[in-house]
Amino acid sequence: MTVSPELVVLTDAAGNPRGTAPKATVHTTDTPLHLAFSCYVTREDGALLITRRSLHKLTWPGIWTNSMCGHPGPGESFDSAIHRRASVELGLPAGSLSDITCILPSFEYRATDSSGVVEWEICPVHHAVLAAGVDVAPSAAEVDSHVWVRPADLINAVTSAPFAFSPWMVEQLSHAELRNALLR
């Protein structure tokens with residue numbers, strides 16, 4: 001059985017799909033604009049999951065970031081992609097995330113890591129709630145470490161030491177809409 005490569009959706013500047021490319025070939029020093037998402041997962045008690053990217057990741061290995069990120073496949077909804085990545089990246093069982101809400105629908109960023117690899121994404125930012133009693137079991141290929149934090153503590157840490165966090169999370173948390181959603 002041949003496994004098809006994971007595809008990302010390439011977009012124009014307005015976010016309109018203009019084709020696909022294998023994920024393994026997209027993140028380079030000349031990364032094309034493509035579709036992605038970020039998701040912040042909280043528990044019912046308000047604690048927020050942040051993750052440290054695996055040391056084996058191509059971009060920003062070992063950096064602390066939001067709960068999970070990913071790329072919707074061609075024709076895949078953001079909700080479906082979030083559930084898929086929650087399983088792959090965080091080891092969450094199907095149906096363990098609820099109340100998936102898009103907080104920043106038109107978020108876009110471009111950043112270059114120290115190796116020269118570029119991330120350039122139209123990346124709507126979502127929030128989801130983890131069902132009570134469900135524990136994360138992250139994939140070592142995706143996540144080096146994880147911790148549950150108070151959102152206010154994370155916001156203060158990002159403000160004090162932005163270099164310790166992913167550039168997309170730093171920029172996302174500069175938006176009042178996201179901060180307010182996480183601080184509820």
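Residues numbered from 1 in each chain as written. Predicted model: local features only at pLDDT ≥ 70, side-chain atom pairs only at ≥ 80, totals over all residues. Heavy atoms only, no water.

In the nomenclature of an unreviewed UniProt entry, the protein is known as Isopentenyl-diphosphate Delta-isomerase of Corynebacterium hindlerae. Recorded in UniProt for the protein, the comment headed Catalytic activity (unreviewed entry) runs: "isopentenyl diphosphate = dimethylallyl diphosphate". Heading Sequence similarities (unreviewed entry) of the UniProt record for the protein holds this comment: "Belongs to the IPP isomerase type 1 family." (UniProt positions renumbered as here; feature names shortened; annotations may be inferred.)

**Q** Hey, could you run me through the overall build of the protein in this one?
**A** Within the protein one finds 5 helices and 12 strands. The C-alpha atoms of the protein give a radius of gyration of 16 Å, which matches the 16 Å a tight globule of 184 residues would have. Reported as C-alpha extents along the three principal axes, the dimensions of the protein are approximately 40 × 40 × 30 Å. Across the 184 residues of the protein, 47% fall into the buried class. Considering only residue pairs separated by 6 or more positions, the protein has 65% of its internal contacts joining residues 24 or more positions apart. Here the protein has roughly 8800 Å² of accessible surface; of this, 55% comes from carbon and sulfur atoms. Side chains of the protein give 12 positive and 19 negative charges; the mean places of these two sets differ by 3 Å. (Helix = DSSP H or I, 4+ residues; strand = E, 2+ residues; numbered from the N terminus. Rg over C-alpha atoms; globule rule 2.2 N^0.38 Å. Buried < 20%, exposed > 50% of the residue type's maximum accessible area, 1.4 Å probe, protein only. Contact = heavy atoms within 4.5 Å. Areas by Shrake-Rupley, 256 points an atom, 1.4 Å probe, with all protein chains shown as cover. Lys, Arg positive; Asp, Glu negative; His and termini not counted. Charge placed at Lys NZ, Arg CZ, Asp CG, Glu CD.)

**Q** Got a minute to help me understand the layout of surface pockets in this structure?
**A** A water-sized probe, rolled over the atoms, reveals where empty space remains. If you add up the space inside the largest pocket, you get close to 410 Å³. Taken together, 28 residues form the lining of the largest pocket, with Lys 23, Arg 53, Lys 57, Thr 59 and His 71 sitting closest to its centre. When its residues are assigned to classes, the lining of the largest pocket shows 10 nonpolar, 8 polar and 10 charged. Every residue lining the second largest pocket is counted, 13 residues in all, and those nearest its centre are Thr 42, His 127, Ala 181, Leu 182 and Arg 184. Examining the composition of the lining of the second largest pocket, we find that 4 residues originate from one element, helix H5 (residues 176-183), more than from any other. Counted by class, the lining of the second largest pocket contains 4 nonpolar, 5 polar and 4 charged residues. (1 Å grid on protein atoms, 1.4 Å probe; cavity = no way out; pocket = protein on both sides within 12 Å on 5 of 7 lines; lining within 4 Å. Points joined across faces, edges and corners; volume = space filled by probe spheres on them. Nonpolar A, V, L, I, M, F, W, Y, C, P; charged D, E, K, R; others polar.)

**Q** Sorry if this is basic, but what is going on with the UniProt feature "binding site: Mn(2+)" (unreviewed entry) in the protein here?
**A** UniProt's entry tags His 27, His 34, His 71, Glu 119 and Glu 121 with the feature "binding site: Mn(2+)" (unreviewed entry), counted in the numbering of this structure. Taking the farthest pair of C-alpha atoms as the criterion, the annotated set spanning 95 residues converges on one region, since that pair is 12.1 Å apart. In the annotation above, His 27, His 71, Glu 119 and Glu 121 are the residues that line the largest pocket. Here His 34 lies in strand E3 (residues 34-35). What makes His 34 buried here is its relative accessible area of 0%. Not counting residues within four places of it along the chain, the set of residues in contact with His 34 comprises Val 8, Val 9, Leu 10, Thr 11, Val 26, His 27, His 71, Trp 120, Glu 121 and Ile 122. A distance of 3.3 Å separates a polar atom in the side chain of His 34 from a polar atom in the side chain of His 27. By the secondary structure assignment, Glu 119 is in strand E10 (residues 118-122). When near neighbours in sequence (up to four residues on either side) are disregarded, Glu 119 contacts His 27, Thr 59, Trp 60, Tyr 109, Arg 110, Ala 111 and Trp 168. At a separation of 2.9 Å, a polar atom in the side chain of Glu 119 contacts the side chain of Thr 59. (Polar contact = N/O pair within 3.5 Å; in protein donor to acceptor, adjacent residues only side chain to side chain.)

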